[in-house]
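Okay, here's what each chain looks like letter by letter:
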Amino acid sequence: MTPGVTAIRPEEAHEVVRAAASEGCLLFRIATEGRSGMTAFFDAARITLPLDPPLVGSRSWDALADSLWEGIHALERGRVVMLWPDAASFAEASPEEFRTAVDVLTDVAELLSDEKATTGRPTDLCVYIGG
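Throughout what follows, the structure given in this document is the object of discussion. (Residues numbered from 1 in each chain as written. Predicted model: local features only at pLDDT ≥ 70, side-chain atom pairs only at ≥ 80, totals over all residues. Heavy atoms only, no water.)

**Some points on the packing of helix α3 (residues 61–73) against helix α5 (residues 95–112)**
The test is simple: For helices, the fitted axis covers only the stretch in contact; all axes are lines through C-alpha atoms, and the angles between them, taken along N-to-C directions, range from 0 to 180 degrees. Only DSSP runs of H or I covering at least 4 residues are called helices, and only runs of E covering at least 2 are called strands; the numbering of each starts at the N terminus. Put simply, a crossing is left-handed when the front helix is turned counterclockwise from the back one by less than a right angle, and right-handed when it is turned clockwise. We call two residues in contact when some of their heavy atoms are within 4.5 Å. Residues are grouped as follows: nonpolar covers Ala, Val, Leu, Ile, Met, Phe, Trp, Tyr, Cys and Pro; charged covers Asp, Glu, Lys and Arg; every other residue, Gly included, is treated as polar.
Contact geometry for α3 and α5: axes closest at 10 Å, N-to-C directions at 35 degrees. Read as a crossing pair, α3 and α5 show a hand that is right-handed. Contacts between α3 and α5 involve Trp61, Leu64, Ala65, Leu68, Trp69, Ile72 and His73 from the first element and Glu97, Thr100, Ala101, Val104, Leu105, Val108, Leu111 and Leu112 from the second. By residue class, the composition of the contact of α3 with α5 is 12 nonpolar, 2 polar and 1 charged.

See below:
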């Protein structure tokens, strides 16, 4: 499992699931289910990801980043895996929102690995995005 954001081929998703299970990692599988745009991503995040505080709206990527960071940090796990296997269709339909979503996930992963930001309790966030 590689910390940060990694693009994978759709057929590799089962390998991510297997590796997460073998390492005893929490796995969150986000699915936008053929939908695209900011609202679709926020809806998928609300359904799947540990958010603290819970997100009410779908207007602020910064709010999503903060909520996701705190939600994952509160899990107190050394490694957490996120899988977004249907990201390719989202990227094709909403390229700008896709880039922003990937930027948010990248930033959250980087901050969670920071000793200072996590007060000595870093988490490896391993995000796998189907391409």
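Right, picking up where we left off after that structure.
**Looking at the environment of Trp61**
Take Trp61: it is sitting in helix α3. Separated by 29 residues in sequence, Trp61 and Phe90 have C-alpha atoms that sit 17 Å apart. Those residues in contact with Trp61 that lie beyond four places of it in its chain are Met38, Phe41, Phe42, Glu97, Thr100, Ala101 and Val104.

**Some details on the sheet that holds strand β3 (residues 79–84)**
Heads up, the condition is: Strands qualify as paired when DSSP identifies two bridges or more between them.
Spatially, the 4 strands line up as an open sheet ordered β1-β4-β3-β2, and their pairing is parallel. This sheet does not close on itself; its edge strands, each paired only once, are β1 (4–8) and β2 (26–29). Mean inter-strand twist for the sheet, computed between neighbouring axes without regard to direction, equals 20 degrees. In this structure, β1 lies alongside strand β4 (residues 124–130), joined through 5 bridges in parallel fashion. Looking at the pairing, Ile8 lines up with Gly130 of β4. Across the sheet, helix α1 (residues 13–22) touches β1, β2, β3 and β4, and the angle it forms with β3 is around 160 degrees.

By themselves, these are just geometric observations and shouldn't be taken as functional.
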